[in-house]
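Each chain, letter by letter, is given below.
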Amino acid sequence: MAFTLTPGAAKATFRSMSTVVWQRRVTCPAKLNLGLWVLGKRADGFHALESLVVQTEWGDELELCLHDEPGDDSLTCDVSELPTDSSNLVMKAVRLFRERHGIKGRAAFSLTKRIPWGGGLGGGSADGAWALRLLNEAHGHPLSPDQLLELAAQLGSDVPLFLHDEPVWMRGRGEVIETVSPELVARLSGLYVTVAHPGFPVETPWAYKHLAAQRAYSPVELAQAGREAWAQPGLPPHSALHNDFRAVVDAKYPTVPLVLAQLNAVDGVRAQMSGSGSACVALYEAVEAQDAVANVLREAWGEQACVVQTRLR
Ligand code: C5P
């Protein structure tokens, strides 16, 4: 423990200082479901799904400072409304890592939040996954990929995919991750994308509940046909950007199908909703489509929307 004398103080005061022994700042990307088929309810209450998931260059910023002296782990965030207590996935990740491996000293996380909540963009999940990744790196990678996956799956269904940096097929309830072909990685990587959160959230449990009530599930064959469409070279047909949650979200939020139809009418654009919504995603190869996409979104959702122009990782 180090002590410093505060210069110029009327009375000599001593302050306890801990040393930062490891520090790193990373981007926790948003995820976009380009294809999402919900196959049915499992015995454990979760739904079996099949989804092609990509990540964006844009995301939250998360920094870990590992201090050498023991103390309470902490999380600070630039958005005051975001809970930073034990309910936050970053703090849950710290607890799981501490239980499994232990932490040298104390972990202090600082989060700059950019990904809006309730958009189906996996913001909280990305933060949780990266908290695990950072802690594992800071301690010299004591946990194997399988052990990290086990902890990630405990955090949530969308967390395991963020242990990978490339597009993946997500299966099971989200805990089964399959890498995609190098050809598909090359085809998707660097594509332009506009991500638009309309300003109203959709809560995932609500969306699953209503999907279950309507039994609006896809047959396995449809998901398989989707996988085959994505395996073909070139940008896939509009139909390959599939999302079963549209069955429930479109009915409650009619601007979602309206905006998606307008985006899909723009030359060279493929648009779909991500996850359980409400965020919509427009993909395009030519940057010239950017303005037309932005105009559609501005006219439909105006100032309340969060619109981000980025690229796929
Ligand atoms: O795993 P996570 O905590 O993100 O899930 C939130 C809720 O979404 C679950 O409680 C469940 O209602 C629903 N869910 C589901 N099937 C999945 C993923 C999530 O039913 N594969």
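How each quantity is defined
Residues numbered from 1 in each chain as written. Predicted model: local features only at pLDDT ≥ 70, side-chain atom pairs only at ≥ 80, totals over all residues. Heavy atoms only, no water. Helix = DSSP H or I, 4+ residues; strand = E, 2+ residues; numbered from the N terminus. Rg over C-alpha atoms; globule rule 2.2 N^0.38 Å. Buried < 20%, exposed > 50% of the residue type's maximum accessible area, 1.4 Å probe, protein only. Areas by Shrake-Rupley, 256 points an atom, 1.4 Å probe, with all protein chains shown as cover. Polar contact = N/O pair within 3.5 Å; in protein donor to acceptor, adjacent residues only side chain to side chain. Expected span 1.5 Å × (residues − 1). Contact = heavy atoms within 4.5 Å.

Caption draft 1: Looking closely at the overall build of the protein chain. Secondary structure summary: the protein chain contains nine helices and 12 strands in total. On C-alpha atoms alone, the protein chain measures out to a radius of gyration of 21 Å, which is about the 20 Å that the 2.2 N^0.38 rule sets for 313 residues. Taken along its principal axes, the extent of the C-alpha atoms in the protein chain is 70 × 45 × 40 Å. For the protein chain, buried positions account for 51% of its 313 residues. When the accessible surface of the protein chain is summed, it comes to about 14400 Å², and 53% of that surface belongs to carbon and sulfur atoms.

Caption draft 2: Looking closely at the side chain of Asp127. Mapped onto the elements, Asp127 comes out in helix H2 (residues 123–138). You can call Asp127 buried: its relative accessible area is 3%. Among the polar contacts listed, one links the side chain of Asp127 to the side chain of Lys113, at a separation of 2.8 Å.

Caption draft 3: A look at helix H1 (residues 89–100). Over its 12 residues, H1 runs 16 Å from end to end, which matches the ideal 16 Å to within 8%, given 1.5 Å per residue. Buried residues of H1: Leu89, Val90, Met91, Ala93, Val94, Leu96 and Phe97, and no others. Looking at the packing, one finds that the buried side of H1 touches strand E4 (47–67), strand E5 (74–77), strand E6 (106–112), H2 and helix H3 (145–155). In this structure Asn88 caps H1, since a side-chain oxygen of it lies 2.8 Å from the backbone nitrogen of Val90. One or two residues past the end of H1 sits Gly102, with phi positive at roughly 95 degrees.

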